[in-house]
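Structural description and commentary
Chain by chain, the residues:
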Amino acid sequence: MQYHTPPSFEEASRIAASASGTTRFLAGGTDVLVQLRSDLVTPDDLIDVKHIPGVKEIARQEDGGWRIGVAVAGAEMTEHPDLGRDWPGIVEGMDLIGSTQIQGRATLVGNLCNGSPAADGVPALVAAGASVTVTGPNGARDVAVADIPTGPGKTCLEKGEVISALNIPARGENGGDAYLRFIPRTEMDIAVVGCAVNLRVDGDTITEARVVLGAVAPTIRAVQACADALIGTTLDDAALEALDKAARAACEPIDDKRGTVEFRTDVAGVLARRAAKIAYARAKGEQS
Amino acid sequence: MVQVHLWSGLRPLVDGREVVEVEGETVGQLLDNLVKDYPGLKPAIDKGVSISVDGQIIPKSRGVKVKDSSEVFLLQRLYAG
Amino acid sequence: MALDGPKQDFKYIGTRPERPDGWDKVTGKARFGADFSMPGMLHGAILRSPHAHAKIIKIDATKALALKGVKAVVTRADFPEGLEGEDWNIQENVMAGEKALYDGHAVAAVAATSQLIARDALKLIEVEYEVLPHVTDVDKAMAEDAPVIREGAADYSVPEGMHPNVVRYMESGRGDLEKGFAEADLVIEESFTTEAAHQGYIEPHACVANLGADGKGDLWCCTQGHWFVRQMCTAVLGLEATQLRVTPSEIGGGFGGKTTVFIDPVALALSRKAGRPVKLVMSRSEVLRATGPTASASMDIKMGMTKEGKITAASGTFRMQGGAFPGAPVDVTTMLAFANYDIEHVHHVGYDVMTNRPKQAAYRAPGAPMGAFATESVLDELCRGLGLDPIETRLKNAVKEGTPATFGPKFPPVGLIETLEEARAHPNYSVKLGPNQGRGVASGYWMNWGGETSASVAIGDDGSVQVSIGTVDIGGSRASMALMAAEAFGIPYENVRVSIADTGSLGINEPTHGSRATFASGLAIIEASREATRKLCQRAADKWGIDADAVTWEDGCAKPSGPNAGEFDPLTIAEIAAEMGSTGGPISGHHESTPDGFGGSFGTHVVDVEVDPETGRTTILRYLVVQDAGKAIHPAYVEGQFQGGAVQGIGWTLNEEYIYGEDGRLQNPIFLDYRVPVASDLPMIDTVIVEVPNPGHPYGVRGVGETGITPPLPAIANAVRDAIGVRMKKLPLTPPRVLAAIKARD
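The shown structure was predicted, so the numbers you read here are calculated from the model rather than taken from an experiment. (Residues numbered from 1 in each chain as written. Chains lettered and ligands numbered in written order. Predicted model: local features only at pLDDT ≥ 70, side-chain atom pairs only at ≥ 80, totals over all residues.)

Glancing now at the overall build of chain A. Broken down by element type, chain A carries 11 helices and 14 strands. Over its C-alpha trace chain A gives a radius of gyration of 19 Å, about what one expects of a compact globule, namely 19 Å for 288 residues. With the C-alpha coordinates of chain A rotated into their principal frame, the extents come out at 60 × 45 × 35 Å. In chain A, which comprises 288 residues, the share counted as buried stands at 50%. Restricting the contact set of chain A to residue pairs at least 6 apart, pairs at least 24 apart contribute 65%. (Helix = DSSP H or I, 4+ residues; strand = E, 2+ residues; numbered from the N terminus. Rg over C-alpha atoms; globule rule 2.2 N^0.38 Å. Buried ≥ 20, exposed ≤ 12 C-beta atoms within 10 Å, placed from the backbone. Contact = placed C-beta atoms within 7 Å.)

Spelled out as structure tokens, the structure:
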């Protein structure tokens, strides 16, 4: 195994592009090192991106959005004084991953690249309309987070491509987001169902909404019917019921040791309602 | 003679008796005489049994004293866990 | 053994000093199984069957042996033939013979110069299997068309005509069931199942073995009982018992699962073949797949009760699988299923069944929690059906000294009634519950254990005391032993040092199991200390020129006793010790026995839960453990045992389970999916220590380790029943199962 510490994303991309065997990028390592130690994957080239300048930065952009380095750990996001005020749902999604120790290493981009439909960090990013900058042999391009995962463990990234930054849009006025997941325990578990809601209000009325479900389909899924159930409402009982119904209808889960099809479908509706209430309260400034 | 109570799974081995009487002043003598007087019990006793004397469970000490008036039960062989 | 009645007035017993091993354990200085290493040591790895049931046609290790760094490969051919009984079972389990019997069964092992090389070498071993039909469910394994795990494994007890997978059959009881049920105003009959759970000890099994071609060897390992390890390893390898010295490491939990061997004989066989020390450390997946979880159970219970709350009759059928070998603890399940209560008409039937699963091992009160889950659930339904309070009803039926137990003999003094009264009086029992909340009560019993025990004390030249015991310290027993020695000598706790001796330094000791360490090693330490103080008195008598009978030991000093003994200043232990080399030599005390005076412990738990009606998720709101300790030597560690039992019971009830796929492979061999409770899942577990002295121990001690896992399964199930109005009969109570029950109710 070759271990590389490139000084730039261009160099990282070049190493990956010229590699002939199995390649892994290493940031926090909370997935890669576990796979390595359990003999699931033994990379021929391990490319450590932590030494590239800027990868540990959380930066407010001129337009009010955020640029988050690929090696920023969950704990750094949680402890950031302003990020969580803008995007509490994104921060709480990331914060649910692993233990305190894992939070000191794990990264949001790593969570995205792992390609799990149950990734806790990703639904709120999709709901926020976040994008990533991808550096590859042909230069850099921006890709919506929603388009990165293509199936369990799979992403749309081509050979030689590496995510070099995460871009979160400006929060804007009267917005709120939230992420909830269901696990049988209280922590140290993988989502049986996850749901992120991001919305904006005008007075009591919802004017914009995005609802994203996790762990109920081969990829994380943004559900337009759920958003439609919310937009134009004041989140009254009828809206919540319509949201619940739309969320269930969007589920195509599997039966496995973590949950049944019926259970995942039921709970998707429940979490959608509960997350929508939190996001709504946040949008109205009634809850942090 | 000491009255020894048997668990019901053993009763078919001794013509359905619930209690058998044997001589013995110690747990060891009781077990030896049970095998001698009731050969049907041999496979069970060879496999291992526990015994209780006046309420105290004796997993394997053969030297524990027994009186004719003692309350004695054969029990399934017990393990510590 | 003649003992005076339990002592009642104590100076040190019942205090809560710091544990002697505490600093080393929290600073990382303590050495656990995997922390040991030796010069020239090799690393071992074990190849495991991916099939639940398969004939092993051929094993070819040529390519593995050709890999640079590989020093030895062993298969079953490297173990002696002709073993019988449990020795054969253990040998077959640590290395498969003709067949792989479960997913994870060891089929070969490698020793190499690094762990990575050893793991790479495993991939080069070619095993040809003929896959056979498998069965992992206890009820299916008893069915006529079930694949046979092994012909001829059944013992004398199994009636003719049963499936060969039924290897033991038991039946016990008394009275006339028909008459008893006829006297009842309400009879309830239900069936229940529990799934296999793992002990979940945090430390995986690890050992370093060094065995020469001359049959002399050393083994360092993580175990609950190193003499058991010695007996098993020497039997499995055909060695002479005392030629193998076994030294235990510190232990990161065992709960019964480390009273047997899995990797130790394999490491010894590799070492013998390679001529070098070999280290083997299990991964968590190996622990879950190939050590010994507890049995799973399928049970039918019928109980009758009068409208006043008197149990008139009870019967139970218990089917349990303990993997591909005999040994599911169904004897204990049947014995203790109804043992809390005074029941005239009672009957039990038990089946020990083999399946294609790992060989079960002991797990905290082995066999008792499953039975308690079923019987205490039915009792709860009877109370509900008749509108009776669960604690009052239990008090009405509770056993006490002299009650004939459902398993036969009359009970000696026991504390069930006291635990029920304390539970009823505790504030938790009267907290008002909110919506979707429920309260459950259950009681449980464990009979405890004595076991072979050998212990020594030796006086240091400054009057401090060295205690050597053969039971490893899992739950703070060094502290308890030091307290008992301090009490017996009348010297400060800090002046006692407790060491765990290896198999070369003491007579045989059974493991720290059966809740026996504080009882049996403690008893031995007290007796050994008394022997030593008699010798100390003798030295004082010699110095004073009086008869030893005229000297008494008090508060760490020899004193003349009575007016005729003469006027002498007391001699402290330090003063006598300083001169012992010139007054007759070193002073020590020793005691060995298989003490039978162990007293059983009853406990009662009260738990409050809240169930999310939309997701089926259960939250434990409040949890109370009340249990009889006889005498709590170190109350903090008694409370710790109570809390630990409750927590493991919470895990077993709510989320822990062995999940097998259609292919017979374990689906969840990692802690991510084998869900033990995490700290944030739990409330503080409240405890009340009841002390009904055990007449069989000089200080009144009863074992406390195991009883605590017996009531949680039914107590929580009863609380969930109270919260959702549906009786859950299948454990664990996972959210999908609970939500499905709620939906079926509505």
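Check the secondary structure of chain C and you find 19 helices and 26 strands. Across its three principal axes, chain C shows a C-alpha extent of roughly 85 × 75 × 50 Å. The proportion of buried residues among the 746 residues of chain C is 60%.

Turning next to the packing of helix 17 (residues 635–654) of chain C against helix 18 (residues 712–724) of chain C. Pairs of packed helices are described in terms of their axes, by the angle between the two and the distance that separates them. All names here are of chain C. Interhelical geometry of helix 17 versus helix 18 gives an angle of 55° and a closest axis separation of 8 Å. Judged by the angle between their axes, helix 17 and helix 18 are oblique. Crossing handedness for the pair helix 17 and helix 18: right-handed. Facing Ala646, Gly649, Ile650, Trp652 and Thr653 of helix 17, the residues of helix 18 in contact are Pro712, Leu713, Ile716 and Ala717. Here the residues of the contact of helix 17 with helix 18 sort into 7 nonpolar, 2 polar and no charged. (Axes fitted to C-alpha atoms, helices over the stretch in contact; angles between N-to-C directions. Parallel < 35°, antiparallel > 145°, perpendicular 65-115°, else oblique. Left-handed = near helix turned anticlockwise from the far one by under 90°. Nonpolar A, V, L, I, M, F, W, Y, C, P; charged D, E, K, R; others polar.)

Taken together, the contact between chain B and chain C spans 22 residues of the former and 31 residues of the latter. Of all elements in the fold, only helix 2 (42–47), strand 4 (56–58) and strand 5 (72–76) of chain B reach the threshold of two or more residues within the side of chain B that touches chain C. Classifying every residue of the side of chain B that touches chain C gives 10 nonpolar, 9 polar and 3 charged.

Right, let's talk about the sheet that holds strand 19 (residues 496–500) of chain C for a bit. Residues and elements named next belong to chain C. Spatial ordering of the open sheet is given by 19-18-17-23, a layout of 4 strands whose pairing is mixed. The open sheet has two free edges, formed respectively by strand 19 and strand 23 (588–593), since each of these has just one partner strand. Averaged over all adjacent pairs, the angle separating strand axes in this sheet is 15°, with direction ignored. Set on the sheet, helix 15 (residues 517–544) makes contact with strand 17 (453–459), strand 18 (465–469) and strand 23; between it and strand 17 the angle comes to about 40°. (Pairing = 2+ DSSP bridges.)

Residues and elements named next belong to chain A. Spanning 13 residues, helix 10 (residues 237–249) covers 18 Å between terminal C-alpha atoms, matching the ideal 18 Å at 1.5 Å per step. Of the residues making up helix 10, those classed as buried are Leu240, Leu243, Asp244, Ala246 and Ala247. Buried residues along helix 10 sit against strand 13 (205–214), helix 9 (224–230) and helix 11 (261–283). (Expected span 1.5 Å × (residues − 1).)

Of all the positions in helix 1 (residues 9–18) of chain A, only Phe9, Ala12, Ser13 and Ala16 of chain A are classed as buried. In an axial view of helix 1 of chain A, the angular spread of the buried residues amounts to 100°, which keeps them on one side of the axis. (Arc of directions from axis to C-beta.)

Here we come to the interface of chain C and chain A. Between chain C and chain A, the residue contacts involve 19 residues of the former and 17 residues of the latter. The biggest single contributor to the side of chain C that touches chain A is helix 19 (residues 735–745) of chain C, with 3 residues. Here the residues of the side of chain C that touches chain A sort into 7 nonpolar, 6 polar and 6 charged.

Here the focus is the confidence of the model for chain C. On average, residues of chain C score 97 in pLDDT, and 99% of them reach the 70 mark or higher. We note a pTM of 0.97 for the whole complex and an ipTM of 0.96 for its interfaces. (pLDDT = per-residue confidence, 0-100.)

Here the focus is the pairing of strand 18 of chain C. Every other side chain in a regular strand lies on the same face of the sheet, so the side chains alternate between the two faces. Residue and element names in this part refer to chain C. Judged by how many residues are buried, strand 18 sits mostly within the fold: 4 of 5 residues are covered. Count of turn residues in the strand 17/strand 18 antiparallel hairpin: 5 residues, of which Gly463 carries a positive phi of about 90°. In the sheet, strand 18 pairs with strand 19 via 5 bridges, with the strands oriented parallel. Among the inter-strand pairings, Gln466 is bridged to a residue of strand 19, identified as Arg497. Remark: the strand 18/helix 14 (residues 477–489)/strand 19 crossover connection has right-handed handedness. (Right-handed = clockwise from strand over helix to strand, strands pointing away.)

So, on to the domain arrangement of chain A. All names here are of chain A. One can read the domain layout of chain A as domain 1 (52–116 + 131–167) and domain 2 (177–283). Domain 1 and domain 2 are separated by 22 Å when their C-alpha centres are compared. Listed per partner, the contact involves 14 residues of domain 1 and 13 residues of domain 2. If you list the elements that add at least two residues to the side of domain 1 that touches domain 2, you get helix 5 (88–95) and strand 8 (149–151). Per-element accounting of the side of domain 1 that touches domain 2 gives the leading share, 5 residues, to helix 5. For the side of domain 1 that touches domain 2, a count of residues per class yields 7 nonpolar, 6 polar and 1 charged. (Domains from an automatic or database assignment.)

Glancing now at the packing of helix 10 of chain A against helix 11 of chain A. All names here are of chain A. Interhelical geometry of helix 10 versus helix 11 gives an angle of 140° and a closest axis separation of 8 Å. As judged from the angle between their axes, helix 10 and helix 11 are oblique. As for the relative orientation of helix 10 and helix 11, their crossing is right-handed in sense. Listed contacts from helix 11 to Leu240, Leu243, Asp244, Lys245, Ala247 and Arg248 of helix 10 are Thr265, Ala268, Gly269, Ala272, Arg273 and Ala276. Of the residues that constitute the contact of helix 10 with helix 11, the class distribution is 6 nonpolar, 2 polar and 4 charged.

What follows covers unusual backbone geometry. Residue Pro732 of chain C is bonded to the preceding Leu731 of chain C through a cis peptide linkage, with omega at -5°. Although it is not a glycine, Leu235 of chain A adopts a positive phi angle of roughly 55°. Considering the arrangement of structural elements, one finds Leu235 of chain A in the loop between helix 9 and helix 10. According to the C-beta neighbour criterion, Leu235 of chain A is buried, with 24 such atoms within 10 Å. A positive phi angle, close to 50°, is found at Asp555 of chain C, a residue other than glycine. Tracing the chain through its elements places Asp555 of chain C in the loop between strand 20 (551–554) and strand 21 (557–560). By the C-beta count within 10 Å, which is 12 here, Asp555 of chain C ends up exposed.

All names here are of chain C. Looking at chain C, the domain boundaries give domain 1 (22–30 + 450–593) and domain 2 (367–448 + 599–745). Placing a centre on the C-alpha atoms of domain 1 and another on those of domain 2 gives a separation of 38 Å. Contacts between domain 1 and domain 2 engage 14 residues on the former and 16 residues on the latter. Elements that contribute at least two residues to the side of domain 1 that touches domain 2 include exactly helix 14 and helix 15. Ranked by residues supplied to the side of domain 1 that touches domain 2, first place goes to helix 15 with 5 residues.

Quick look at the sheet that holds strand 16 (residues 437–446) of chain C now. All names here are of chain C. One open sheet holds the 4 strands; their spatial order is 16-24-25-26, and the pairing between them is mixed. Among the strands making up the open sheet, the edge pair consists of strand 16 and strand 26 (685–690). The mean angle between the axes of side-by-side strands here comes to 15°, regardless of whether they run parallel or antiparallel.

Okay, the environment of Val281 of chain C next. Residue and element names in this part refer to chain C. Following the sequence through the fold, Val281 ends up in strand 12 (residues 278–281). Using a count of 20 C-beta atoms within 10 Å as the deciding quantity, one classes Val281 as buried. Through-space distance from the C-alpha of Val281 to that of His43 is 8.6 Å; in sequence the pair is 238 residues apart.

Below, the discussion takes up the environment of Gly252 of chain C. All names here are of chain C. Structurally, Gly252 is set in the loop between strand 11 (244–248) and helix 8 (264–274). Overall, the presence of 18 C-beta atoms within 10 Å leaves Gly252 in the partly exposed class. Not counting the four nearest positions on each side in its chain, Gly252 is found in contact with Phe32, Tyr201, Ile202 and Glu203.

Cys226 and Ala275 of chain A together with Val110, Val266, Ala485, Ile525 and Val720 of chain C are the most contacted members of the largest nonpolar core, which totals 356 residues. Per element, the largest residue contribution to this core is 13 residues, and it comes from helix 15 of chain C. (Core = buried A, V, L, I, M, F, W, Y, C linked by C-beta atoms within 7 Å.)

Let us now look at the pairing of strand 25 (residues 618–628) of chain C. Residue and element names in this part refer to chain C. For strand 25, a buried count of 9 out of 11 residues is recorded, marking the element as mostly surrounded by other parts of the structure. In the sheet, strand 24 (residues 601–611) pairs with strand 25 via 9 bridges, with the strands oriented antiparallel. Each residue of the ladder has a partner; that of Glu610, found in strand 25, is Thr619. Hairpin remark: strand 24 followed by strand 25, antiparallel, with 6 residues in the connecting loop; positive phi at Gly616, about 75°. With 6 bridges joining them, strand 25 and strand 26 adopt parallel strand pairing.

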